[in-house]
Amino acid sequence: MAKKIMILNGSPRFNGNTAALIASFTDGAKSAGHEVVCFDLQKMNIHPCLGCCGGGKDPESPCVQKDDMLKIYPAYKEADIVVLASPLYYWTISGQIKCAFDRLFAVAECNANLANPVKSSVLLMAAEGNGFEESVYWYERLMKHLGWTDLGKVLCGGVFHVGDIKGNPKLEEAYQLGSTL
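Description of the structure in this document. (Residues numbered from 1 in each chain as written. Predicted model: local features only at pLDDT ≥ 70, side-chain atom pairs only at ≥ 80, totals over all residues. Heavy atoms only, no water.)

1. Here's the deal with the side chain of aspartate 67
Mapped onto the elements of the fold, aspartate 67 is located in the loop between strand S2 (35–40) and helix H2 (69–78). Excluding residues that lie within four positions of it along the chain, aspartate 67 makes contacts with Asn45, Ile46, His47 and Arg103. (Helix = DSSP H or I, 4+ residues; strand = E, 2+ residues; numbered from the N terminus. Contact = heavy atoms within 4.5 Å.)

What follows is the structure, given as structure tokens:
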């Protein structure tokens, strides 16, 4: 059965190594008949969460802040799978991913018990080195706290400069992950 997949691209590089992982994953997912939408967070006007707990009053516009998250909320609510794609920055995910993900709490505020929508998820990461431990720990704890299902991770180290990922077997791994969802 075809799935709706939403990708949050937290890389500030428009054509970087994370983008290459996303492209391979997307090609695989589309080959399997899935619908994919990708949000390039670096191009979007997204403000940090205010921690006001004032959202949830309008399911169509769940946050009190009115910025480009309004483009993400509908896709998030419809998505079966949420892909978090990020370069490794100081041994964790990028600020772009963290900022956008924090703002998804407004959707949970639409529920009386602050329940997040139940999703499946994928983690795609590229890095100069191979220190993914903290990111994987964060991601796995996030899955547990949200009650989401981890469908897989593609962690590609040794790719610092734009284009370093070309020919890397992790691109095929990303394709295969997308095609087998």
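Let's pick the thread back up.
2. Points about the pairing of strand S4 (residues 120–126)
Burial of S4 is extensive: 7 of the 7 residues sit out of reach of the surface. What you see with S4 is no split at all: Ser120, Val122, Leu124 and Ala126 on one side and Ser121, Leu123 and Met125 on the other are buried throughout. Across 7 bridges, the pairing between strand S3 (residues 81–87) and S4 is parallel. Along S4, the bridge assignment pairs valine 83 with valine 122. Two elements, S4 and strand S5 (residues 149–156), share 7 bridges in a ladder whose sense is parallel. Along S5, the bridge assignment pairs leucine 123 with lysine 153. In this view, the connection linking S4 to its parallel neighbour S5 by way of helix H5 (residues 133–146) has right-handed handedness. (Buried < 20%, exposed > 50% of the residue type's maximum accessible area, 1.4 Å probe, protein only. Pairing = 2+ DSSP bridges. Right-handed = clockwise from strand over helix to strand, strands pointing away.)

3. Re the pattern of salt bridges
Taken as a whole and judged by the stated rule, the model has 8 salt bridges. Among the salt bridges present, the one from aspartate 40 reaches lysine 43, with a minimum N-O distance of 3.6 Å. Residue lysine 43 is classed as exposed on the basis of its relative accessible area, which comes to 55%. Between glutamate 173 and lysine 170 there is a salt bridge, and its shortest N-O distance comes to 3.2 Å. (Salt bridge = Lys/Arg side-chain N within 4 Å of Asp/Glu carboxyl O.)

4. Description of the sheet that holds S4
Read from one edge of the open sheet, 5 strands run S2-S1-S3-S4-S5, paired in parallel fashion. At either margin of the open sheet sits one strand with a lone partner, and together these are S2 and S5. Averaged over all pairs of adjacent strands, the angle between strand axes in this sheet comes to 15 degrees, irrespective of strand direction. Its contacts with the sheet put H2 on strand S1 (4–9), S2 and S3, and the angle it makes with S1 is roughly 140 degrees. (Axes fitted to C-alpha atoms, helices over the stretch in contact; angles between N-to-C directions.)

5. Examining the layout of surface pockets
In this structure, the largest pocket encloses a volume near 220 Å³. A class-by-class count of the residues in the lining of the largest pocket yields 7 nonpolar, 4 polar and 2 charged. (1 Å grid on protein atoms, 1.4 Å probe; cavity = no way out; pocket = protein on both sides within 12 Å on 5 of 7 lines; lining within 4 Å. Points joined across faces, edges and corners; volume = space filled by probe spheres on them. Nonpolar A, V, L, I, M, F, W, Y, C, P; charged D, E, K, R; others polar.)

6. Description of the nonpolar core
By size, the foremost hydrophobic cluster in this structure holds 34 residues, and its most contacted members are Met6, Leu8, Leu41 and Ile72. Elements represented by at least two residues in this core include exactly S1, H2, S3, helix H3 (95–103), helix H4 (105–108), S4 and H5. In this structure, leucine 8 is in contact with Phe39, Leu41, Ile72, Val83, Leu84, Ala85, Ile97 and Phe101, ignoring residues within four places of it in sequence. Among the nonpolar cores identified, the runner-up in size contains 20 residues, and Phe25, Leu124, Ala126 and Cys156 belong to it. (Core = buried A, V, L, I, M, F, W, Y, C linked by side-chain atoms within 4.5 Å.)

7. Structural notes on the environment of cysteine 63
Here cysteine 63 lies in the loop between S2 and H2. Along the primary structure cysteine 63 and alanine 106 are separated by 43 residues, whereas in three dimensions their C-alpha atoms are 5.2 Å apart. Leave out the neighbours within four places in its chain, and cysteine 63 touches Gly55, Tyr73, Arg103 and Ala106.

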